[in-house]
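Descriptive analysis of the structure
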Amino acid sequence: MQPIIQIRDVHKHFGRDIHALRGVSLDVNKGEVVVIIGPSGSGKSTLLRCINRLEEYDQGTIIVDGIPLDTAANINAVRAEVGMVFQQFNLFAHLSVLENIQLAQRVVRRRASAEARKVALDLLAKVGIPEKADAYPGQISGGQQQRVAIARALAMNPKIMLFDEPTSALDPEMIKEVLDVMLALAHEGMTMVVVSHEMGFARAAAHRAIFMDEGMIVEESTPEKLFSTPAHERTKLFLSKVLL
Amino acid sequence: MPATKPNALRSPPASELARIPGAEPSAKLDAWWWLLVGVIALVLALVVVRPDPFLRIVIYVRDGIAVTVLTTVVAFVLTLVLGLVGGLGRLSKNPVIFGLASLYVELIRGIPLMVQLIWWYFAFPSVLQQVGQSFNLTFLERYRANPIAMAIIGLTICYAAYMSEIYRAGIQSIPRGQMEAARSLGMTYAQSMRHIVLPQAVRVILPPVGNEFIALLKDSSLVSVVAVADLTRRGREFMSTTFIPIETWSMVALLYLILTLFSARMVAMIERRTKIEG
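Just so it is clear, the model here is predicted, and its values are computed rather than measured.

Time to look at the overall build of chain A. Counting its regular elements, chain A contains 9 helices and 10 strands. Counting only C-alpha atoms and orienting by the principal axes, one finds that chain A spans roughly 55 × 45 × 40 Å. By the burial criterion, 59% of the 244 residues in chain A qualify as buried. A separation threshold of at least 6 residues defines the contact pool for chain A, and within that pool the share at least 24 residues apart is 64%. Counting only carbon and sulfur atoms, one obtains 50% of the accessible surface of chain A, whose full area is about 9,900 Å². For chain A, the distance from the average site of its 27 positive side-chain charges to the average site of its 29 negative ones is 3 Å.

Moving on, we come to the packing of helix 3 (residues 97-107) of chain A against helix 4 (residues 113-126) of chain A. Residue and element names in this part refer to chain A. Helix 4 packs onto helix 3 with a crossing angle of 130° between their chain directions and a minimal axis gap of 9 Å. As summarised for this structure, helix 3 and helix 4 are arranged oblique, according to the angle between their axes. Here the hand of the crossing between helix 3 and helix 4 comes out right-handed. Along the contact surface, helix 3 presents Val97, Leu98, Ile101, Gln102, Gln105 and Arg106, while helix 4 presents Ser113, Glu115, Ala116, Arg117, Val119, Ala120, Leu121 and Leu124. Grouping the constituent residues of the contact of helix 3 with helix 4 by class yields 8 nonpolar, 3 polar and 3 charged.

With 52 residues, the main nonpolar core has Leu124, Ile150, Met161, Phe163, Met182, Met192 and Phe201 of chain A as its most contacted residues. If one sorts the elements of this core by residue count, helix 6 (residues 172-187) of chain A sits on top with 9 residues. Residues contacting Met192 of chain A, with those up to four places away along its chain left out, are Glu32, Val33, Val34, Met161, Phe163, Met182, Leu185, Ala186 and Phe201 of chain A. Formed by 42 residues, the second largest nonpolar core is a distinct cluster that contains Ile7, Cys50 and Ile51 of chain A together with Ala182 of chain B.

By the definition in use, this model includes 26 salt bridges over all chains. One salt bridge in this structure joins Arg49 of chain A and Glu55 of chain A, with 2.9 Å as the shortest N-O distance. Of the two residues, Arg49 of chain A and Glu55 of chain A, neither departs from the other in class, the shared state being buried. Of the charged contacts in the structure, one is a salt bridge between Asp65 of chain A and Lys159 of chain A, with a shortest N-O distance of 2.8 Å. With Asp65 of chain A in the loop between strand 4 (59-64) and strand 5 (67-68) and Lys159 of chain A in the loop between helix 5 (142-154) and strand 7 (160-164), this residue pair connects regions lying 94 residues apart in the sequence. Via salt bridges that share partners, Arg49 and Glu55 of chain A together with Arg176 and Glu180 of chain B belong to a single interconnected network.

All names here are of chain A. Summed over the entire model, instances satisfying the criterion amount to 8 aromatic pairs over all chains. Ring centres of Phe211 and Phe238 lie 5.3 Å apart, and the angle between their planes is 40°; this geometry places the pair in the tilted category. Pair noted here: Phe211 is in strand 9 (residues 208-213) and Phe238 is in helix 9 (residues 233-242), with a separation of 27 residues, a long-range link. For Phe238, a relative accessible area of 11% gives the class buried. Sitting above the plane of the Tyr57 ring, Arg53 keeps its charged end 4.8 Å from the centroid.

Put simply, chain B has an average pLDDT of 89, and 88% of its residues get 70 or more. Every residue in residues 1-27 of chain B is under pLDDT 50, and counting partners more than four places away or in other chains gives 46 contacts.

Take the environment of Lys44 of chain A next. Residue and element names in this part refer to chain A. The topology assignment puts Lys44 in helix 1 (residues 44-51). Note on Lys44: relative accessible area 5%, which makes it buried. For Lys44 and Ile67, which are 23 residues apart along the polypeptide, the C-alpha to C-alpha distance reads 22 Å. When neighbours within four sequence positions are excluded, Lys44 is seen to be in contact with Ile36, Ile37, Gly38, Pro39, Glu165, Val195, His197 and Met212.

Here we come to a nonpolar patch on the surface. All names here are of chain B. On the surface, Trp119, Val127, Val131, Phe135, Leu137 and Phe139 cluster together to form a nonpolar patch covering roughly 600 Å² of accessible area. Per-element accounting of the nonpolar patch gives the leading share, 4 residues, to helix 4 (residues 113-135). Within the secondary structure, Phe139 is located in helix 5 (residues 138-141). Taking the relative accessible area as the measure of exposure, Phe139 reaches 62% and is therefore exposed.

Here we come to unusual backbone geometry. In this structure, Pro53 of chain B follows Asp52 of chain B across a cis peptide bond, with omega equal to 15°. Relative to the helices and strands, Pro53 of chain B resides in helix 2 (residues 51-90). At Asp9 of chain A, a position not held by glycine, the phi torsion is positive, near 50°. Mapped onto the secondary structure, Asp9 of chain A falls in strand 1 (residues 5-14).

All names here are of chain A. Pairing within the open sheet is antiparallel, and its 4 strands lie in the order 2-1-4-5. The open sheet has two free edges, formed respectively by strand 2 (18-28) and strand 5, since each of these has just one partner strand. In this sheet, strand 2 lies alongside strand 1 in antiparallel orientation, the contact comprising 8 bridges. Paired with Gln6 across the two strands is Asp27, which belongs to strand 2. Across the sheet, helix 1 is in contact with strand 1, strand 2 and strand 4; its angle to strand 2 comes to roughly 60°.

Quick look at the sheet that holds strand 10 (residues 216-221) of chain A now. Residues and elements named next belong to chain A. One open sheet holds the 6 strands; their spatial order is 6-7-8-3-9-10, and the pairing between them is mixed. Both edges of this open sheet fall to strand 6 (82-85) and strand 10, since each of them pairs with a single strand only. Across the sheet, the mean angle separating the axes of adjacent strands is 20° when strand polarity is ignored. With 4 bridges joining them, strand 3 (residues 33-37) and strand 8 (residues 191-195) adopt parallel strand pairing. The residue bridging Ile36 from the neighbouring strand is Val195, located in strand 8. Here helix 2 (residues 72-81) sits on the sheet in contact with strand 6 and strand 7, set at roughly 70° to strand 6. The strands touched by helix 6 within the sheet are strand 3, strand 7 and strand 8, with strand 8 carrying the most contacts at an inclination of about 145°.

Cut-off values and rules
Residues numbered from 1 in each chain as written. Chains lettered and ligands numbered in written order. Predicted model: local features only at pLDDT ≥ 70, side-chain atom pairs only at ≥ 80, totals over all residues. Heavy atoms only, no water. Helix = DSSP H or I, 4+ residues; strand = E, 2+ residues; numbered from the N terminus. Buried < 20%, exposed > 50% of the residue type's maximum accessible area, 1.4 Å probe, protein only. Contact = heavy atoms within 4.5 Å. Areas by Shrake-Rupley, 256 points an atom, 1.4 Å probe, with all protein chains shown as cover. Lys, Arg positive; Asp, Glu negative; His and termini not counted. Charge placed at Lys NZ, Arg CZ, Asp CG, Glu CD. Axes fitted to C-alpha atoms, helices over the stretch in contact; angles between N-to-C directions. Parallel < 35°, antiparallel > 145°, perpendicular 65-115°, else oblique. Left-handed = near helix turned anticlockwise from the far one by under 90°. Nonpolar A, V, L, I, M, F, W, Y, C, P; charged D, E, K, R; others polar. Core = buried A, V, L, I, M, F, W, Y, C linked by side-chain atoms within 4.5 Å. Salt bridge = Lys/Arg side-chain N within 4 Å of Asp/Glu carboxyl O. Phe/Tyr/Trp six-rings, centres within 6.5 Å; stacked < 30°, edge-to-face > 60°. Lys NZ or Arg CZ within 6 Å of the ring centre and 35° of its normal. pLDDT = per-residue confidence, 0-100. Patch = residues over 30% accessible without salt bridge, like charges linked within 9 Å, V, L, I, M, F, W, Y side chains within 5 Å. Pairing = 2+ DSSP bridges.

Shown next, in the form of structure tokens:
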């Protein structure tokens, strides 16, 4: 079976000086959970953002679920199939929790209000905060906001979920509630690409762990192997700084 | 599980921009209302105590008040639309659109409003007539300037240039993540603007937009030089028959004050009611 995400030799520059991605190639299979780790500035978030073309790349190709990311129509089609969760949650500040989850269903999927509402309520129950349906983003905790953000992405029935450091902006006591939702999602067979240093999550859910540095994939293997017996010096050095 | 049980946070539909829960009830009037009340009381007192000349002045200029309000409101609504177009143009990645929008803003801001109004009233119709002659279009050849229409065009074109910059700043003040989240859900640029960015930007720019409305109201007195019978022009006409400048111009000033103070209170009220929770 063809990989659901095919990344081929992607390059990305920021301005003249920064070569953020230096020829990255990566395949992700359907149902696979891939965790990407690496130091700040290694290009891991940039790579993730290229998958739904929030970031334009200068060279190379990315094909998602058989659709190449070239025309505007294709890009919007891919985005509707690929959910994204951001470090800063990015909930729509002027809309209630329920409206946050309903809006794209109505505007993009053209679902009727009643159906969109039902989907939203079901997902809120799934992420464990049905009682916050009518709250505004500014009124709930970071962990709750991130769970709403996951529900908002899931409401589009995505085939792939991208997570860009989903727990980095959270207070420590809220990390688990978000990771639990992500774990449940992984166990349901969702295809996930996760940029995160949560080793516990990677060990429990990921099929593959990737170490990136200076815009390249340095090595990849199972999380267990990558974390305990890394092959490259750079990986070892990085892990020695991250792992306590 | 009943997820929508009524609780303290229960909210009206978001489509009602002006009704965000938790916003202060509008019934609470702030102290500035008393200034407005004071000015109105002063006008009433003058009219009652000395109907001649004050009541005569008010009656004489009342159609001018209507013209001033009409011109201002129509020009302002058009300014909101044209300003949005200009503001989006100033944010465009397309160099041609960006260039045209920037050129418009820079040119218009460099020319005095009075000169612009005179140009639209005296020069623009001649331009149309000459175009009509050159291309044998009789309806253009016979074009005669409508003072109010030309005044509204002049005010709109000028104020929309300033409004563009307000829109641009307002849109830029919304964190980029809002647009990214909307786009990542598959919304188009236009959908993201309409549903996510603009509703939030509108709240941010409300104070400067309110200021623009009041400034426009005051600057609308300039249209009196291009044959529009607004409040200022009616005041001048009254004075030219009666020669009582102190009473006439004091009353005109008080009438403008009522309009501007009232507008300022309305802006403050809308601002309070559209605040975002949290």
